[in-house]
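Geometric and topological summary
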Amino acid sequence: MVDEHTRFMEAALDEARRADECDEVPVGAVVVREGRIIGRGHNQRETLADPTAHAEMLAITAAAAFIGDWRLTGCTLYVTLEPCPMCAGAIVLARVARVVYGVDDPKFGACGSLFTITTDVRTNHQVELMMGVCADECAAILRAFFRRQRAAGKK
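Let us look at the structure shown here.

Now for the packing of helix α1 (residues 4-21) against helix α5 (residues 135-151). The geometry of α1 relative to α5 is characterised by a closest axis approach of 10 Å and an angle of 10 degrees between their N-to-C directions. Accordingly, the angle class assigned to the pair α1 and α5 is roughly parallel. Where α1 abuts α5, its residues Met9, Leu13, Ala16, Arg17 and Asp20 lie against Glu137, Cys138, Ile141, Phe145 and Arg148. Split into classes, the residues belonging to the contact of α1 with α5 amount to six nonpolar, no polar and four charged.

Dropping the structure here:
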């Protein structure tokens, strides 16, 4: 039987695959409230020519629109890669209760790898964290993407 965290991370991985199909860095995210996905997103920076079009930002925006409130209290964000500082700031500002992510991002991670924005006690909201859910699958899709990019001389 697949547990709840794996089930929702698999939905985030589906979003990451959608990004990959569009030649975007394959990161996907879903926002869950009361056992139901209320927001989805995948990286679309290239597609939208928007540096803020990260999977987390798009999923948070969709979830806020769905519930009609910017406060995402009681919600969990599932994301395949540790959020960056921009996304971590949005997570805190949106009052997301928990972030579950697949793999650490040692270059930009803001949930403990490089920065600790989501758990900084100096802010008015701290986020519960869970790491390593479906880590192998999350890492594999990123590795394959960057391998193809390097082979094509793109990144």
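There's more to say after this.
Before going further, it helps to spend a moment on the packing of aromatic side chains. Here the distance between the centres and the angle between the planes together describe a pair of aromatic rings. Under the criterion given, the structure shown has two aromatic pairs. A ring pair is formed by phenylalanine 8 and tyrosine 78, whose centres lie 5.4 Å apart and whose planes are at 45 degrees; its orientation type is tilted. Residue phenylalanine 8 is found in helix α1, and its partner tyrosine 78 is found in strand β3 (residues 75-81); the two are separated by 70 residues along the sequence. Judged on exposure class, the residue phenylalanine 8 and its partner tyrosine 78 are both buried. The ring of phenylalanine 8 has arginine 7 lying over it, and the distance from NZ or CZ to the ring centre is 4.3 Å.

For any two helices packed against each other, one specifies the inter-axial angle together with the distance between the axes. Closest axis-to-axis distance for the helix α3 (residues 55-67)/helix α4 (residues 85-93) pair is 9 Å, and the angle between their directions is 25 degrees. Of the possible angle classes, the one that applies to α3 and α4 is roughly parallel. The element α3 and its partner α4 pack so that their crossing is left-handed. Listed contacts from α4 to Glu56, Met57 and Ile60 of α3 are Met86, Cys87, Ala90 and Ile91. Residues of the contact of α3 with α4, tallied by class, amount to six nonpolar, no polar and one charged.

Glancing now at the pairing of strand β2 (residues 36-42). Examined bridge by bridge, strand β1 (residues 28-33) and β2 share six bridges and lie antiparallel to one another. Note that in β2 the partner of valine 32 across the bridge is isoleucine 37. A loop of two residues connects β1 with β2, the two strands running antiparallel in sequence, and glutamate 34 in this loop sits at a positive phi of about 50 degrees.

Thresholds, definitions, all that
- Residues numbered from 1 in each chain as written.
- Predicted model: local features only at pLDDT ≥ 70, side-chain atom pairs only at ≥ 80, totals over all residues.
- Heavy atoms only, no water.
- Axes fitted to C-alpha atoms, helices over the stretch in contact; angles between N-to-C directions.
- Helix = DSSP H or I, 4+ residues; strand = E, 2+ residues; numbered from the N terminus.
- Parallel < 35°, antiparallel > 145°, perpendicular 65-115°, else oblique.
- Contact = heavy atoms within 4.5 Å.
- Nonpolar A, V, L, I, M, F, W, Y, C, P; charged D, E, K, R; others polar.
- Phe/Tyr/Trp six-rings, centres within 6.5 Å; stacked < 30°, edge-to-face > 60°.
- Buried < 20%, exposed > 50% of the residue type's maximum accessible area, 1.4 Å probe, protein only.
- Lys NZ or Arg CZ within 6 Å of the ring centre and 35° of its normal.
- Left-handed = near helix turned anticlockwise from the far one by under 90°.
- Pairing = 2+ DSSP bridges.

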